[in-house]
Amino acid sequence: MVVAILVIGVITFLIYVKWRQTYWTRRGLPTAKTEFFFGDVRKAITGVEPLAVTTKNRYNEIKALGVKHAGFYMFWRQIYFPVDLQIIKNIMQQDADHFQSHGGYYHSDDVLSTHLFILENQRWKELRAKLTPAFTSGKIKIMFETLTEKTELLIAAVGKLADETEGFAIKNVCGNFTTDVIASCGFGIECDSLNEPDNAFRNFGKKLLVPNLLRFALTNIVNWNLLVKLGFTGFGRKTSQFFIDLVKDTIKHREDNEVFIKDFMHLLLQLKNQGVISDKTNVNRTKSAKGILSENDIIGQCFVFFIAGFETSSSTMTFTMLELAQNQDIQDKLRKEIKEVLAKHDGKLTYEAAMEMPYLDKVVNEALRKFPPLPFIPRKCTRNYQIPGTDVVLEKGTGVHIPVWGIHNDPEYFPNPDVFDPERFSEKNKASRPEYSYLPFGAGPRICIGLRFGKLQAKVGLTALLNNFKFTLNEKTPMPIQIDRGFIITVKGNVWVDAVRL
Ligand code: HEM
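Residues numbered from 1 in each chain as written. Predicted model: local features only at pLDDT ≥ 70, side-chain atom pairs only at ≥ 80, totals over all residues. Heavy atoms only, no water.

### Focus: the coordination of the iron atom of the ligand
- Looking at the protein side alone, the iron atom of the ligand has one donor only, C448 (SG), at 2.3 Å.
- With respect to the helices and strands, C448 occurs in the loop between α20 (427–432) and α21 (451–468). (Donors = N, O, S within 2.8 Å, 3.2 Å for Na, K, Ca; no water. Helix = DSSP H or I, 4+ residues; strand = E, 2+ residues; numbered from the N terminus.)

Here's what the structure looks like:
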């Protein structure tokens, strides 16, 4: 009897999966050759191909069909896959109130999932409004000093590597640098990953980046309430607890000792205790003030600043270095600009100096074009939505993938996309491209809140490196490079370079 019920249960489930995977066909949208159970993500789940590559390939296939959009499946969950830039603009900007979510695993009892990237609708709106003042250029300028202090460690570490080794892994150097920057500017934690790459904070960051395919599969196919009841956490219990304790201890230390550090934590504590971000150096509660963030809110936001902030910028720096090591003319031109601008500022890298480097801006923009850290940007439809000019209605709950990496490498918008050419970002060339063909930071109300800080930390790191060293590609770099698994585009293995002191 039990066996019979089980067999019927399994058969019913399989029929359900099969039926769910006809979702797009029933709506008249083309799909790839959908694979039973896995949909479009078998290769990603089994490690055959990163999801980034799958989505890029899918973009090219859909474009080749000459259609504006298609269907995609994460297992049997339907994902809408637009390739038409006007539709993308509508989703991200014009009709963004139908897409007030990135989708993705969330549970209120799993504190590391309760952050800005994941929250949706009204809760996201309110939190975004509270946090936006922490990311203005004025606030970022205040953190600039801390940022440049870290470049001294960077120069010393690369100098040592240049003197003592034959070729070194620049991806590790960039990851260590951005970890130290975010630790310092985010939480006032002084870690020196450049000299002690095995410190607890760096190791924590590395662990977060190892894609856990089982967790990815579970959050796609099992009910989240059930998962959390069974003891599931998005990043594993031990890893989550390390971070929660770290932030709680930092909050307690700051509040008990009235510590003032120019970092994001200070601004978050002001929101927690005083309800408003100000120039005050104290963070403690005043009688009349009403806090607008809880301790858990701070933990969640610190977590997203860390996870969204260090690997994205490190990936940007690494790919820029990869391209500069291969394109000596571009490297020389950039170094010339850096030296000229620094000379005007008494040899000091100030915030103003960093803002005065148009060629550096073009170089970083081009690296973000060729290798956008987020290969696709997710959205979830939060209110039924009819795609304008079509009879396709996206139902509430439908996922959307904006295929950024595919668009950035589409010859229609970027001729010879494999060529690294910063001049694509001259004013004239930028103006000649259609809107929404360049989306490294997303767009619309959910555009990256850390855009300024992320770009600045990559630029400051690159300025320090190029002002002091000349780089060439070491033959240990596997060419052509491969992309690693994971949600952020990074190089598989490493980029090996040689550096000569200038
Ligand atoms: C080169 C560096 C970076 C890149 C390429 C990048 C890219 C992105 C992208 C593509 C999104 C999604 C935007 C959308 O949905 O339209 C995003 C969102 C976000 N990023 Fe960044 N990011 C970078 C650095 C940072 C930094 C340094 C921080 C924080 C310190 C940060 C925090 C966030 C947060 C909190 C969100 C969610 C915003 C929301 O949903 O309201 N990012 N980022």
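Now that the structure has been shown, we can carry on.
### Regarding the UniProt feature "binding site: heme" (unreviewed entry) in the protein
- When the UniProt feature table is mapped onto this chain, "binding site: heme" (unreviewed entry) is found at C448.
- What makes C448 partly exposed here is its relative accessible area of 34%.
- With sequence-adjacent residues up to four places away left out, C448 is seen in contact with R128 and F441. (UniProt positions renumbered as here; feature names shortened; annotations may be inferred. Buried < 20%, exposed > 50% of the residue type's maximum accessible area, 1.4 Å probe, protein only. Contact = heavy atoms within 4.5 Å.)

### Overview of helix α5 (residues 85–94)
- Buried residues dominate α5, accounting for 7 of its 10 residues.
- Residues of α5 that are buried include every one of L85, I87, I88, K89, N90, I91 and M92, and no others.
- The elements touched by buried residues of α5 are β1 (69–74), β2 (77–82), β4 (377–380), β5 (385–386), β7 (399–402) and α19 (404–408).
- Regarding α5, its N-cap is D84, as a side-chain oxygen of that residue lies 3.2 Å from the backbone nitrogen of Q86 further along. (Polar contact = N/O pair within 3.5 Å; in protein donor to acceptor, adjacent residues only side chain to side chain.)

### Here's the deal with the environment of L112
- For L112, the position within the fold is in the loop between α5 and α6 (121–131).
- Along the chain, L112 and K229 lie 117 residues apart, while their C-alpha atoms are 16 Å from each other.
- Those residues in contact with L112 that sit more than four places away from it in its chain are S240, F243, I244, I299 and F303.

### Considering the sheet that holds strand β3 (residues 168–169)
- Across the sheet, 3 strands lie side by side as β3-β9-β8; this open sheet has antiparallel pairing. A strand with exactly one partner marks an edge of an open sheet, and here the two such strands are β3 and β8 (469–473).
- Pairing analysis gives 2 bridges linking β3 to strand β9 (residues 496–501), with the strands arranged antiparallel. Among the inter-strand pairings, A169 is bridged to a residue of β9, identified as W496.
- Each of β8 and β9 touches α21; the most contacted strand, β8, lies at about 95° to it. (Pairing = 2+ DSSP bridges. Axes fitted to C-alpha atoms, helices over the stretch in contact; angles between N-to-C directions.)

### Quick notes on the side chain of H98
- Examined against the element boundaries, H98 turns out to sit in the loop between α5 and α6.
- For H98, a relative accessible area of 15% puts it in the buried group.
- In terms of polar contacts, H98 uses its side chain to reach the backbone carbonyl oxygen of N384, at 3.0 Å.
- When neighbours within four sequence positions are excluded, H98 is seen to be in contact with K380, C381, T382, R383, N384 and Y385.

### Observations concerning a nonpolar patch on the surface
- On the surface, V2, L6, V10, F13, L14, Y16, W19 and F36 cluster together into a nonpolar patch covering about 760 Å² of accessible area.
- Its location among the elements puts L6 in helix α1 (residues 2–20).
- The class for L6 is exposed, based on a relative accessible area of 53%. (Patch = residues over 30% accessible without salt bridge, like charges linked within 9 Å, V, L, I, M, F, W, Y side chains within 5 Å. Areas by Shrake-Rupley, 256 points an atom, 1.4 Å probe, with all protein chains shown as cover. Salt bridge = Lys/Arg side-chain N within 4 Å of Asp/Glu carboxyl O.)

### Here's the deal with the packing of aromatic side chains
- This model, assessed by the stated rule, comprises 31 aromatic pairs.
- Aromatic side chains F13 and W76 sit 5.5 Å apart centroid to centroid with 85° between the ring planes, which places their arrangement in the edge-to-face category. Taken together, the residues F13 in helix α1 and W76 in the loop between β1 and β2 connect sequence positions 63 residues apart.
- Looking at F13, the relative accessible area reads 35%, which means it is partly exposed.
- Owing to a relative accessible area of 9%, W76 belongs among the buried residues under this scheme.
- With centroids separated by 5.4 Å and ring planes inclined at 75°, the aromatic side chains of F243 and F303 adopt a geometry described as edge-to-face. With F243 in helix α13 (residues 237–257) and F303 in helix α15 (residues 295–326), the pair connects residues that are 60 residues apart, well separated along the chain.
- With relative accessibility at 0%, the residue F303 sits in the buried group.
- Grouped by ring-pair contacts, the aromatic residues F201, F204, F235, F242, F243, F303, F306 and F310 constitute a single cluster.
- One Lys or Arg, K56, reaches over the ring of W405 and ends 4.3 Å from the middle of that ring.
- Lying over the aromatic face of F414, R369 brings its terminal NZ or CZ to 5.3 Å of the ring centre. (Phe/Tyr/Trp six-rings, centres within 6.5 Å; stacked < 30°, edge-to-face > 60°. Lys NZ or Arg CZ within 6 Å of the ring centre and 35° of its normal.)

### A look at the site of the ligand
- Neighbouring the ligand are 29 residues; H102, W124, R128, R379 and C448 lie closest to it.
- In this structure, an oxygen atom belonging to the ligand sits 2.6 Å away from a side-chain N or O atom of R379.
- When contributions to the shell around the ligand are tallied by element, the ones reaching two or more residues are α6, α15, β4 and α21.
- It is α15 that contributes the most residues to the shell around the ligand, 7 residues altogether.
- Here the residues of the shell around the ligand sort into 18 nonpolar, 8 polar and 3 charged. (Near = heavy atom within 4 Å. Nonpolar A, V, L, I, M, F, W, Y, C, P; charged D, E, K, R; others polar.)

### A look at the environment of P388
- As for its placement among the helices and strands, P388 is situated in the loop between β5 and β6 (393–394).
- Look at P388 and you get partly exposed, because its relative accessible area is 42%.
- Taking the C-alpha atoms as reference, P388 lies 7.7 Å from I87; in sequence the two are 301 residues apart.
- Sequence-distant contacts of P388, that is, excluding residues within four places in its chain, are made with N90 and D95.

### Quick look at the pairing of β1
- Burial of β1 is extensive: 6 of the 6 residues sit out of reach of the surface.
- Residues H69, G71 and Y73 of β1 are buried on one face, and the alternating residues A70, F72 and M74, pointing to the opposite face, are buried as well.
- Pairing of β1 with β2, which is carried by 6 bridges, proceeds in the antiparallel orientation. Counted as the bridge partner of H69 is P82 from β2.
- Connecting β1 to the antiparallel partner β2 that follows it, the hairpin turn spans 2 residues, and F75 within it adopts a positive phi of roughly 55°.

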